[in-house]
Amino acid sequence: MTPPVLEVKDLVKAFPVGGFLDRLQVGKGSLLAPQRQLRAVNGVSLTIAPGEVFALVGESGCGKSTVAKTIARIYEPTSGEIRIDGEDVSRLPFRAMLPVRRKLQMIFQDPYASLDPRQRVRDIVMEPRLAQGGRLSRRELQDEAVALLAKVGLNAEQANRYPHQFSGGQRQRIGIARALSVRPTLIIADEPVSALDVSIQAQILNLMKDLRDEFRLSYLFVSHDLSVAHHIADRIGVMYLGFMVETASRDQLFREPKHPYTRVLLSAAPTLDKSNPGTKIEIRGEVPSALRLPSGCCFRTRCPLAFDRCAVERPALKPQADGSAVACHLHDRTDTERMIP
Amino acid sequence: MADPLLEVRDLRTYFHTFGGVVKAVDGVSFDVRQGEVVGLVGESGGGKSVVGFSILGLIDPPGRIEAGEILFAGENLAAKSEEEMRSVRGGEIAMVFQDPMTSLNPVYTVGHQMDEMLRLHTDLDRKARRARCVEMLEQVGISEAESRLDAYPHQFSGGMRQRVVIAIALLAGSRLIIADEPTTALDVTVQAQILKLMRRQIVERGAAMIMVTHDLAVISEMADRVVVLYCGKVVERGRTAEIINAPSHPYTRGLLDSIPRIAERRDRLDQIPGTVPDIRTLGKGCSFRDRCFRAQPVCAEKTPVLSPVRGSLDAACHFPLEETAP
Amino acid sequence: MTRFLSSEFFYHYRRNLPAIFGSALLLCFTLMAIFGPLLVAQDPYDVTQLELMDSFKPPVWLEGGDPRYLLGTDGQGRDVLASIVYGARISAFIGLAAMLCSCLIGTTLGLVAGYYGGLADSVIMRIADIQLSFPSMLIALFLMSAFGTGIDMVLIALTAVGWVVYARTVRGSTLGEIQKEYIQAARVAGLGNVAIIRKHVLPNVLTPLIVVSTIQVGTFILIEASLSFLGVGVPITQPSLGLLVKEGFDVLFSGIWWTSAFPGLFIMFLVFGINLFGDFLRDELNPRLR
């Protein structure tokens, strides 16, 4: 078996909330309250094989984007390992990260905010390439930029324009060309199509698939849209409140979702397919705050199947017989008596 | 069939900008009956939100309603003054926006804002009004309604705020609710709850709703009839099931085919080539022709008019698709 | 040029009467400051050209006026108009130079505070807060009386007063920009902090600076005029407009009003023109107000 392109182990990211002054308090023993933590990611593990597309799905605030941006080292991980081609890069200082960035690039969500409005397209797409060092003549720079743009379906004449002269879909193509400029093996895509109209969304998804085949890319694809994830992913991880609650191959996940939350998510998504009659699983309430995680299982406050053990013990992500993995006490035993009806 | 509650006839809303006249809504006609949800769909730039704003008289300069009638229960809203429209808004017609904070006042409690609606539209006393508010919050699925009345909007989550906005619209006894992307900012699990709630309340009260959205999946689950807009014009309209199963306009079909579906795994999505044209430079002819796989020379010559195709479907196309499309 | 004339900027400009008036005023003053010395007959600081006989001549339209001195003369027989022309050059130089100095320092500090945050931000912005809690005149006055006078000292005092506005503006814009994904993209590309600030943050925070700078020039000219009027500004050998007002002020109550009134009026129109034009730029360049 080929070694994974990306291996993440027990990744934790917590953001401190509030400054020094917010912590001052009166009449509670200590004058200084402990620093509050927003626990965005709580021990997430995942692996991506060469050429594989792994989709992270979940609702807003579930930490999926934070996982992506922590792997790209936009955020510093609080703890855990991030192995790229076997090398742990989670503690690498800034300069030592530079060669790693040749293997790992990122595509962003907002096509309007992810391109510097004051740069020409040529300079935008070549930025990661130039950051790697080495001198390029004007001619070479122009030629390489044009070649990159051609890969994403833009023409040479557009290389000298500014981002505001492009539509949302074209800007997203520019963002993809930028990621390709260093010929990476792994691209982290943070909701790359969620800001686009559906007809444009299809263009971009098709382009990403073509590029994967051409360059044998792996994607970590973050999305809140299950049908998009279904379309592009080989494997899918479902996140809730900073925890990975289930990972499975795409077909397994959609055929036989195991975690109660995955089931809710699948049934709640509106769909055009008439084969899925409107039997929606009812779910109570809303996602708890990441400032105060519930004890035990993260989903127990809304889970229709929660029982005593769920409040006491936090379920670990356990591998199942069919290759998937679930973090739920109902799937903890080999006997089938407690299996979800 | 009962008279429609709302009839929009040949509505034209133009924006006069530096770069030229933007015909955001250019001859749009449709109607809405009691107890019905009508979906306005299209991509950005299609003009769907502008239709909603035009009905409410919320078009600010440089925009202007140039022509057309908006008949609501027999009265032409397009001819009413701003003064008169103010009493229509929030009363007979309510609006639910994508961001609930645009319709809630952050400095008053939720209870105060609901109470104000009742004071304006009923002659109940204080106690009775409060009881109504509690009842309404419970109906939209807010637990501990009694204590929640004294909370401020920022103390609610996004989904809860949207519920409050809907509760206020229902309290006013609005007969028409215009919902502009009401669930786009919400998570799917919350979205499912809100959609179900809106649908039930509309049907039960015999009110009606116009649902403006880009999401065809939401429309297919919510709307009875659909109006598809492209470049400010209606390209197709008809019953939801018919449009979703066998659209007659190539644009609608392109939209449907570009949505990834879980039931069928396709290696590639069918995409609509190109992008939406610049609406300021549209000449005669069909505005979709440059992206259309069925376009013929005549499409550049003659602007197609909306005409019956089959079943409930009307389409503005010279070459509408057959039921069993190629 | 044709591209400019058909641009949206020019379209709005043509429809904005105060902006046209303001920029026309500015254009007049600029031309006057550049070419003025060629137009007036007298160099008021060349003693050989002065005629003591011609002292305190009233403006030409009053009785006793002399056609050689349009706006009259002062006690040494200096042409008031010529004094204004020469004084305007000094005032404009001080205004522009102080603007450049404070822009440079304020922008740098603002970028550091906004981009790095934390301690640097706290220290820089607290100093700015303290400084803003004193009237700027008071600070300038204090610095001038402590370190002496002269054009260089005026510049230092104005910079010390003016950097705060830049630092706060730049810090605000920087905080807005660094939230955006293109900054994160630059980080993923492998750019260091300094490179990100130079290549991405700085170009994107410049627009509001144009507005601030325009208004600041006017403010600086006013402060300098006040300082000079109070006698702690420029030396008598390089009289700015403010100093002219002060000199004229001594004889104002003996009925010789023109020596201080005309320079005063001139300052007023100059700053008025700058502010009109600055307001237009602010409306035009700030997308939030559009």
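Residues numbered from 1 in each chain as written. Chains lettered and ligands numbered in written order. Predicted model: local features only at pLDDT ≥ 70, side-chain atom pairs only at ≥ 80, totals over all residues. Heavy atoms only, no water.

We apply this condition: UniProt positions are given in the numbering used here, feature names are shortened, and annotations may be inferred rather than shown by experiment.
In the nomenclature of an unreviewed UniProt entry, chain C corresponds to Peptide/nickel transport system permease protein from the organism Gellertiella hungarica. Its UniProt record gives chain C a comment under Subcellular location (unreviewed entry), which states: "Cell membrane". What the UniProt record of chain C gives under Sequence similarities (unreviewed entry) is the line "Belongs to the binding-protein-dependent transport system permease family."

The Sequence similarities (unreviewed entry) field of the UniProt record for chain A holds the comment "Belongs to the ABC transporter superfamily." Here is the UniProt Subcellular location (unreviewed entry) comment for chain A, exactly as written: "Cell inner membrane".

**Focus on the packing of aromatic side chains**
Residues and elements named next belong to chain B. Spelled out, the test is: The criterion for an aromatic pair is that two Phe, Tyr or Trp rings (for Trp, the six-membered ring) have centres within 6.5 Å, with stacked assigned to planes under 30 degrees apart, edge-to-face to planes over 60 apart and tilted to the rest. The secondary structure listing takes helices from DSSP runs of H or I that are at least 4 residues long and strands from runs of E that are at least 2 residues long, numbered from the N terminus. Exposure classes here rest on a 1.4 Å probe applied to the protein chains alone. A residue is buried below 20% of its type maximum, exposed above 50%, and partly exposed in between.
Tallied over the full model, the rule gives 19 aromatic pairs over all chains. Aromatic pair Tyr230 and Tyr251: ring centres 4.4 Å apart, planes at 50°, arrangement tilted. Pair noted here: Tyr230 is in strand β9 (residues 225-230) and Tyr251 is in helix α10 (residues 250-257), with a separation of 21 residues, a long-range link. For the pair shown, Tyr230 and Tyr251 are each scored as buried. Ring geometry for Tyr251 versus Phe288: centroids 5.2 Å apart, planes at 70°, classification edge-to-face. With a gap of 37 residues between them, Tyr251 in helix α10 and Phe288 in the loop between α10 and α11 (297-301) connect regions that are remote in the sequence. Its relative accessible area of 2% is what places Phe288 among the buried residues.

**Overview of the sheet that holds strand β10 (residues 243-249) of chain A**
All names here are of chain A. Formally: Pairing between two strands is assigned when DSSP locates at least 2 bridges connecting them. Contacts are residue-level and defined by heavy atoms, with any inter-residue pair within 4.5 Å sufficient. Helix axes are fitted only over the stretch in contact, all axes being lines through C-alpha atoms; the angle between N-to-C directions runs from 0 to 180 degrees.
Taken together, 8 strands build an open sheet; the order of strands is β6-β7-β8-β3-β9-β10-β12-β11 and the sheet is mixed. Since the sheet does not close on itself, it has two edges, and those belong to β6 (104-107) and β11 (318-319), each with one partner. Running at roughly 145° to strand β8 (residues 218-223), helix α2 (residues 64-71) makes contact with β3 (53-57), β6, β7 (186-190), β8 and β9 (235-240) of the sheet. Along the sheet, helix α7 (residues 198-215) makes contact with β3, β6, β7 and β8, crossing β8 at roughly 160°.

**Quick notes on the UniProt feature "transmembrane region" (unreviewed entry) in chain C**
UniProt's feature table lists "transmembrane region" (unreviewed entry) at residues 20-40, 93-117, 137-166, 205-236 and 256-281 of chain C, given in the numbering used throughout. The span residues 137-166 of chain C is 90% helix and 0% strand, and its two end C-alpha atoms sit 18 Å from each other.

**A short note on the UniProt feature "domain: ABC transmembrane type-1" (unreviewed entry) in chain C**
Those residues carrying the UniProt feature "domain: ABC transmembrane type-1" (unreviewed entry) are residues 88-278 of chain C in this numbering. The annotated region residues 88-278 of chain C carries 84% helix and 0% strand content, and the separation between its end C-alpha atoms amounts to 20 Å.

**Focus: the packing of helix α6 (residues 168-180) of chain A against α7(A)**
The angle between the axes and the distance between the axes are what describe a pair of packed helices. All names here are of chain A. Worth spelling out the cut-off: For classification purposes, angles smaller than 35 degrees are called roughly parallel, those larger than 145 roughly antiparallel, those between 65 and 115 roughly perpendicular, and all remaining angles oblique. The handedness criterion is simple: a crossing whose near helix is rotated anticlockwise from the far helix by less than a right angle is left-handed, and one whose near helix is rotated clockwise is right-handed. Basically, the charged four are Asp, Glu, Lys and Arg, the nonpolar ten are Ala, Val, Leu, Ile, Met, Phe, Trp, Tyr, Cys and Pro, and anything else, Gly included, counts as polar.
Following both chains from N to C, one finds α6 and α7 inclined at 20°, their axes separated by 10 Å at the closest point. Between α6 and α7, the interaxial angle falls into the category roughly parallel. Taken as a pair, α6 and α7 cross one another with a handedness that is right-handed. Contacts between α6 and α7 involve Gly169, Gln172, Arg173, Ile176 and Leu180 from the first element and Ile200, Gln203, Ile204, Leu207, Met208, Leu211 and Phe215 from the second. In the contact of α6 with α7, the residues fall into 8 nonpolar, 3 polar and 1 charged.

**Quick look at the pattern of salt bridges**
Residue and element names in this part refer to chain A. Under the convention used in this document: Note on definitions: salt bridges are taken to be side-chain nitrogens of Lys or Arg within 4 Å of carboxyl oxygens of Asp or Glu.
According to the stated counting rule, one finds 47 salt bridges over all chains in the structure shown. Between Arg139 and Asp143 there is a salt bridge, with its nearest N and O atoms 3.1 Å apart. Of this pair, Arg139 and Asp143 both sit in helix α5 (residues 138-151), separated by 4 residues, roughly a single helical turn. Residue Arg139 is classed as exposed on the basis of its relative accessible area of 56%.

**Thoughts on unusual backbone geometry**
Going from Pro61(B) to Pro62(B), the amide bond is cis rather than trans, its omega being 10°. Turning to its location among the elements, Pro62(B) is positioned in the loop between α1 (48-55) and β4 (63-72). In the Ramachandran plot, Asp10(A) falls in the positive-phi region, its phi being about 50° despite a non-glycine side chain. By secondary structure assignment, the location of Asp10(A) is in strand β1 (residues 6-17). In the Ramachandran plot, Arg183(A) falls in the positive-phi region, its phi being about 55° despite a non-glycine side chain. By relative accessible area, which is 49% here, Arg183(A) ends up partly exposed.

**Quick look at the interface of chain A and chain B**
Stated formally: Two parts placed together each lose some accessible area under a 1.4 Å probe, and adding up what both lose gives the buried area. Any pair of N or O atoms that falls within 3.5 Å is considered a polar contact. Within protein, one atom must be able to donate a hydrogen and the other to accept it, and sequence-neighbouring residues count only if both atoms are side-chain atoms.
Each partner contributes to the interface: chain A provides 39 residues, whereas chain B provides 40 residues. The contact between chain A and chain B buries some 3,500 Å² in all, and 52% of this surface belongs to carbon and sulfur atoms. Together, Pro270(A), Leu272(A) and Glu286(A) form the three largest contributors to the area buried by chain A at its contact with chain B, with a combined 20%. The interface formed by chain A and chain B holds 1 salt bridge in total. Note that Asp210(A) and Arg268(B) form a salt bridge whose closest N and O atoms lie 2.6 Å from each other. At the boundary of chain A and chain B, one finds 9 residue pairs in polar contact (both at pLDDT 80 or more). Within the residue set of the side of chain A that touches chain B, elements represented by two or more residues are α7, α8 (226-232), α9 (250-255) and α10 (260-268) of chain A. At 10 residues, α7(A) tops the list of elements feeding residues into the side of chain A that touches chain B. Among the residues forming the side of chain A that touches chain B, the class breakdown is 16 nonpolar, 12 polar and 11 charged.

**Here we look at the environment of Ala145(A)**
Residue and element names in this part refer to chain A. By secondary structure assignment, the location of Ala145 is in helix α5. The exposure class of Ala145 is buried, given its relative accessible area of 0%. A C-alpha to C-alpha distance of 58 Å links Ala145 and Phe307, two positions 162 residues apart in sequence. Among all residues touching Ala145, those that are not within four sequence positions of it are Arg122, Val125 and Met126.

**Comments concerning the sheet that holds strand β5 (residues 75-76) of chain B**
All names here are of chain B. Within the open sheet, the 4 strands sit side by side as β2-β1-β4-β5. Their pairing is antiparallel. Sheet topology places β2 (20-32) and β5 at the edges, where each strand pairs with a single neighbour. Across 2 bridges, β4 lies against β5 in antiparallel orientation. Bridge pairing in β5 places Leu71 opposite Asn76.

**Regarding the interface of chain C and chain A**
Residue-level contacts link 17 residues of chain C with 25 residues of chain A. Carbon and sulfur atoms supply 56% of the area that chain C and chain A bury against each other, a total of about 1,800 Å² over both sides. Counting the contacts that link chain C with chain A gives 0 salt bridges. Applying the counting criterion to the chain C and chain A interface returns 12 residue pairs in polar contact (both at pLDDT 80 or more). Those elements that place two or more of their residues in the side of chain C that touches chain A are α8 (181-189) and α9 (193-229) of chain C. No other element matches the 8 residues that α8(C) contributes to the side of chain C that touches chain A. The residue inventory of the side of chain C that touches chain A, partitioned by class, reads 7 nonpolar, 6 polar and 4 charged.

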